[in-house]
Amino acid sequence: MDVTISDNMIEFGGHTIDLNHIELRKLRAALRNKWIANERFVSYLDMTGDGYIDYEEFYDLTNQFGLQKAISCDDVFQVMDVFNDGDIPLALFEKCLEPPVETVDPQAKSALNTSSSSLEEPYPTDLLVGLVAHNNMKPAMMQFVSDNIKFFCRVKLITTGSTGRSLSSMNLDVEQLVASGPLGGDQEIGGYITQGKIAAIFFFTDPLSAHPHSPDIEALNRICCVHDCMFANNPSTAKALVYSLQYFPFALSRLLGVNPSQNMDSSVVKAYKENQQKVIASVSAEKKKEDKKKKPSRRESTSSFAPERKGGRHKTNYHSQSKRQSLVGTDNLVDLLNHLEDTSI
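In this text the structure is predicted, and so the values were computed from the model without any measurement.

Cut-offs and rules
- Residues numbered from 1 in each chain as written.
- Predicted model: local features only at pLDDT ≥ 70, side-chain atom pairs only at ≥ 80, totals over all residues.
- Heavy atoms only, no water.
- Buried < 20%, exposed > 50% of the residue type's maximum accessible area, 1.4 Å probe, protein only.
- Helix = DSSP H or I, 4+ residues; strand = E, 2+ residues; numbered from the N terminus.
- Arc of directions from axis to C-beta.
- Contact = heavy atoms within 4.5 Å.
- Patch = residues over 30% accessible without salt bridge, like charges linked within 9 Å, V, L, I, M, F, W, Y side chains within 5 Å.
- Areas by Shrake-Rupley, 256 points an atom, 1.4 Å probe, with all protein chains shown as cover.
- Salt bridge = Lys/Arg side-chain N within 4 Å of Asp/Glu carboxyl O.
- 1 Å grid on protein atoms, 1.4 Å probe; cavity = no way out; pocket = protein on both sides within 12 Å on 5 of 7 lines; lining within 4 Å.
- Points joined across faces, edges and corners; volume = space filled by probe spheres on them.
- Nonpolar A, V, L, I, M, F, W, Y, C, P; charged D, E, K, R; others polar.

A.B. asks: Is there a simple way to explain helix α4 (residues 73–80) in this structure?
C.D. replies: Because an α-helix completes one turn every 3.6 residues, residues spaced three or four positions apart along the sequence face the same direction. Among the residues of α4, C73, V76, F77, V79 and M80 are the ones counted as buried. Seen from one end, α4 has its buried residues packed into an arc of 155 degrees, which puts them on one side. Contact partners of the buried residues in α4: β3 (15–18), α1 (22–33), β4 (52–54), α3 (55–64), β5 (87–89) and α5 (90–96).

A.B. asks: Can you help me understand the environment of D173 in this one?
C.D. replies: For D173, the position within the fold is in the loop between α9 (161–167) and β8 (174–177). The class of D173 is exposed, set by a relative accessible area of 68%.

A.B. asks: What exactly am I supposed to notice about a nonpolar patch on the surface here?
C.D. replies: Residues M47, F248 and F250 make up a contiguous nonpolar surface patch of about 280 Å² in total accessible area. Note that M47 resides in the loop between α2 (38–45) and β4.

A.B. asks: Would you mind going over the layout of surface pockets with me for this structure?
C.D. replies: One water molecule sets the probe size; rolling that probe over the atoms shows where empty space is left. By volume, the largest pocket is sized at about 600 Å³. Looking at the largest pocket, it is lined by 27 residues, and the ones nearest its centre are I193, H227, D228, Q262 and M264. Only α10 (185–194), β9 (198–204), α11 (214–226) and α14 (267–293) provide two or more residues apiece to the lining of the largest pocket. Taken together, the residues of the lining of the largest pocket sort by class into 13 nonpolar, nine polar and five charged.

A.B. asks: Is there a simple way to explain unusual backbone geometry in this structure?
C.D. replies: Most peptide bonds take the trans configuration, and most residues that are not glycine carry a negative phi. We note that N84 has phi near 55 degrees; this positive angle belongs to a residue other than glycine. As for its placement among the helices and strands, N84 is situated in the loop between α4 and β5. Look at N171: it is not a glycine, yet its phi comes out positive at around 60 degrees. By the element assignment, N171 lies in the loop between α9 and β8. When its relative accessible area of 68% is taken as the criterion, N171 is described as exposed.

Laid out in structure tokens, this is it:
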């Protein structure tokens, strides 16, 4: 069945859909805000290749791109599911993404254009892509970047010192240039991963040479695993990763920073944090017990300068003792005065 548009009304199989429908407007706006080209979005949807989009495919893709805060999957799908059979023809879905004629101005049309020129714009993300290569692997890295220059021109790069200088001949803008690997550059990149600032790392390692900073290399590999950062350490894996970052919804949504699972801890990290909480709670409980046992008694809390008690009585209170001595002295003086009066008489 053919899909036709007339006066912003889509006609398909005896059914009509208004391009100005509020749910379709929300979907187009959500895609525009994420800078996701309509043509590419549709290509992601038909994962089975049968020419139809079912609800599960639509729900999973919108979830991966973080669109579900802006749209209602049920409502959008219902608008396009004209036969109520749970399938939307791909051709119909494509037409529903076209903006109404009266709402298109030159600037909006440029932003929504699905031609190849729009795909050359920088990705709307602050996340970085790392490029690192050992000396013997730098030629392979240069060739890899050259083969995928269109992609690397669209992302923000972070590289170690020597790798960045090698790439300068390709007129690539490096967002963050850290120290050379042996001087701590690998550790610096690891710090960016820990802070959640890096989407993917391409690290071409030389497996046949000894490296003075081997612990740093192992640490960078480990931190990528800890924080589930996309990571490729040889040319073949790198080709697969760079393809996924451009054409696979999951990888692209992580590059754009809109994947809902992106900021979630892995099961291993969750287990580690839970165990650490138990350790901290146990140590705190033991500390409280020790503090309670070490609480000083009344005797221990008195001044260390006071004299020892005698015969089990309380320590001598010098203030009371001096007061008593002064009273004794006063009584003697009164007796002496009385004695003088008697003798004078």
